[in-house]
Amino acid sequence: MTTSRAVTWDVMASHGFETAWVTFDGETLRARGRAVGTDPEPYWVSYELETAEGYVTRRLRVTTETPEVTRTLDLRHDGRGEWTADGEPLPEVNGALDCDLGLCPLTNTMPVLRHDLHRTAGEREFLMAWVAVPDLAVRPSVQTYTHLAGTGGGRVRYASGDFRSDLDFDADGLVVDYPELASRLTPR
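Residues numbered from 1 in each chain as written. Predicted model: local features only at pLDDT ≥ 70, side-chain atom pairs only at ≥ 80, totals over all residues. Heavy atoms only, no water.

Participant: Would you take a moment to explain the overall build of the chain for this structure?
Facilitator: The number of helices and strands found in the chain is 1 helix and 15 strands. Overall, the C-alpha framework of the chain stretches about 45 × 40 × 40 Å when taken along its three principal axes. In the chain, which comprises 188 residues, the proportion classed as buried is 47%. Accessible area of the chain: about 9200 Å², with a carbon and sulfur share of 49%. (Helix = DSSP H or I, 4+ residues; strand = E, 2+ residues; numbered from the N terminus. Buried < 20%, exposed > 50% of the residue type's maximum accessible area, 1.4 Å probe, protein only. Areas by Shrake-Rupley, 256 points an atom, 1.4 Å probe, with all protein chains shown as cover.)

So this is what it looks like as structure tokens:
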């Protein structure tokens, strides 16, 4: 069954906002999103994300614009564990299943849905292809997601390095509240 959602977040970490149009079809996700922020500098971001079955990232295309420069990134996962950025191999993130676009609450969805962590007990560690905003540098990031509670959606602890945050998800696996990063806005 195919369902579509439009979600908007107040992204406190960037002093900006993000809106994404998300389509779920079985165990795949497609999304288009745009964000504006003023921290670390004024920028715009546009992205398109698509996953394969099991919510494994297939492709992330991103464009960022600052007053001085426009950057693009075409990040691809080959389905066997290898990644490329604009056609160039990225061996440092090989083995990762997901991308994580910096300052973007949407990209927390894939690992949570794949392991149903917003609904059922468990803890999982992931290697992510983390994309910095606005410079679009890709780096490896080890992240741990731990189910804390089911609350209609669920609460999941996110941890990476010394950073920890307890995220609230809705029943579809989309972030509702990510303390210190973003909070979903509700339509009037």
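Don't stop here, the text continues.
Participant: In this structure, what is going on with the packing of aromatic side chains? I would like to understand it.
Facilitator: The final tally for this structure, using the stated rule, is 4 aromatic pairs. Summarising the aromatic geometry, the rings of Phe126 and Tyr145 are spaced 5.7 Å apart at their centres and angled 70° between planes, so their arrangement reads as edge-to-face. Linking Phe126 in strand β10 (residues 123-131) with Tyr145 in strand β11 (residues 138-149), this pair joins segments that are 19 residues apart in sequence. For the pair Phe126 and Tyr145, one class covers both residues: buried. Here Tyr158 and Tyr178 contribute two aromatic rings whose centre-to-centre distance is 6.0 Å and whose plane-to-plane angle is 50°, an arrangement assigned as tilted. Note that Tyr158 is positioned in strand β12 (residues 154-160) and Tyr178 in strand β14 (residues 175-178), a separation of 20 residues in sequence. One exposure class covers both Tyr158 and Tyr178, and it is buried. Seen from the ring of Trp21, Arg32 lies directly overhead, with NZ or CZ sitting 5.3 Å from the centre. (Phe/Tyr/Trp six-rings, centres within 6.5 Å; stacked < 30°, edge-to-face > 60°. Lys NZ or Arg CZ within 6 Å of the ring centre and 35° of its normal.)

Participant: Help me understand the pattern of salt bridges in this model?
Facilitator: One side chain can pair with another of opposite charge once the charged atoms of both are near each other. A complete count under the given rule lists 13 salt bridges for this structure. Between Arg5 and Asp172 there is a salt bridge, and its shortest N-O distance comes to 2.5 Å. One end of the pair, Arg5, is in strand β1 (residues 2-11); the other, Asp172, is in the loop between β13 (163-169) and β14, and 167 residues separate them in sequence. Taking relative accessible area as the criterion, Arg5 reaches 25% and is therefore assigned partly exposed. Of the charged contacts in the structure, one is a salt bridge between Glu48 and Arg61, with a shortest N-O distance of 2.5 Å. Remark: Arg61 occurs in strand β5 (residues 57-65) and Glu48 occurs in strand β4 (residues 43-51); sequence separation between them is 13 residues. A relative accessible area of 37% means that Glu48 is categorised as partly exposed. In the salt-bridge network here, residues are joined through shared partners; they are Arg5, Asp170, Asp172 and Arg184. (Salt bridge = Lys/Arg side-chain N within 4 Å of Asp/Glu carboxyl O.)

Participant: How should I be thinking about a nonpolar patch on the surface in this particular structure?
Facilitator: On the surface, Phe17, Val36, Trp44 and Leu185 cluster together to form a nonpolar patch covering roughly 390 Å² of accessible area. Mapped onto the elements, Leu185 comes out in strand β15 (residues 182-185). (Patch = residues over 30% accessible without salt bridge, like charges linked within 9 Å, V, L, I, M, F, W, Y side chains within 5 Å.)

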